[in-house]
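Breakdown of the fold
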Amino acid sequence: MAQHNDLGRKGEDMAVRFLQEQGYFILERNWTNRGRKELDIIATKEDVVVFVEVKTRKVGSATTPISAVDDRKQRRIVMAADSYLKANRIDLRSRFDVIGIIYDDDASRIDHYEDAFRPRPKFYR
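These figures come from a predicted structure and were not determined experimentally.

The number of helices and strands found in the protein chain is two helices and five strands. Start at the N end of the protein chain and walk to the C end: the helices and strands fall as α-β-β-β-α-β-β. Taken over C-alpha atoms, the radius of gyration comes to 14 Å for the protein chain, in line with the 14 Å a tight globule of 125 residues would show. The principal-axis extents of the C-alpha atoms in the protein chain amount to approximately 40 × 30 × 25 Å. When burial is assessed residue by residue, the protein chain has 39% of its 125 residues classed as buried. Of the contacts formed within the protein chain by residues at least 6 apart in sequence, a portion of 53% connects residues at least 24 apart. Accessible surface computed for the protein chain: about 7,800 Å², of which carbon and sulfur atoms make up 44%. Positive and negative charge centroids in the protein chain, built from 24 and 21 side chains respectively, lie 8 Å apart.

So, in structure tokens, the structure goes:
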């Protein structure tokens, strides 16, 4: 499990640097709502709050990073984002991005999926 967490932390560090290079301002990392719901990265760019889910996989992994953000994960992210916006009284447009990282010690690849998914009404039931 420690190796998995180390890989995830490396991926999140890479994602933060990538976002900053693209002009994003990082508001939070690993924000939790009383430990139940977590948001990997919360950033802003051009008056939009961006909730970023980061998924990191090693080269040759059987699954792709983006495939790990299924409906269940999306629902959790949306609910956590809603909690964050309410707790901080933020009334700005928001979107949900996914950053997929294929990690290799020599040459990692970062794919940024902007507006990767949208909340659906069933998420709130």
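From this point, things continue past the structure.
Another aspect to go through is the pattern of salt bridges. With the rule as written, the count across this model stands at ten salt bridges. A salt bridge links Asp111 to Arg109; the shortest N-O distance between them is 2.8 Å. Ionic contacts of the salt-bridge type, sharing partners, join the residues Glu12, Asp13 and Arg29 into one network.

Rules used in this analysis
Residue numbers run consecutively from 1 along every chain, following the written order of its sequence. Only residues with pLDDT of 70 or above have their local features reported here, since the model is predicted, and side-chain atom pairs are shown and tallied only from 80 upward, although totals for entire chains, interfaces and linings are computed over all residues. Hydrogens and water molecules were not included; the side-chain quantities draw on all heavy atoms of the structure. Per the convention used, a helix needs a DSSP run of H or I reaching at least four residues, while a strand needs a run of E reaching at least two, with both numbered from the N terminus. Computation of the radius of gyration draws on C-alpha atoms, with the globule rule given as 2.2 Å multiplied by the number of residues to the power 0.38. With a 1.4 Å probe rolled over the protein chains alone, any residue whose accessible area is under 20% of its type maximum counts as buried; one over 50% counts as exposed, and the rest are partly exposed. Note on contacts: a residue pair is in contact if any heavy atoms of the two residues lie within 4.5 Å. The Shrake-Rupley method, run with a 1.4 Å probe, gives the accessible areas here. Residue values count only the displayed protein chains as cover. For the purpose of charge, His is not counted, nor are the chain termini; Lys and Arg are scored as positive and Asp and Glu as negative. Just so you know, the charge point we use is NZ for Lys, CZ for Arg, CG for Asp and CD for Glu. The salt bridge definition used is simple: a Lys or Arg side-chain nitrogen within 4 Å of an Asp or Glu carboxyl oxygen.

Read these as geometric descriptors, not functional statements.
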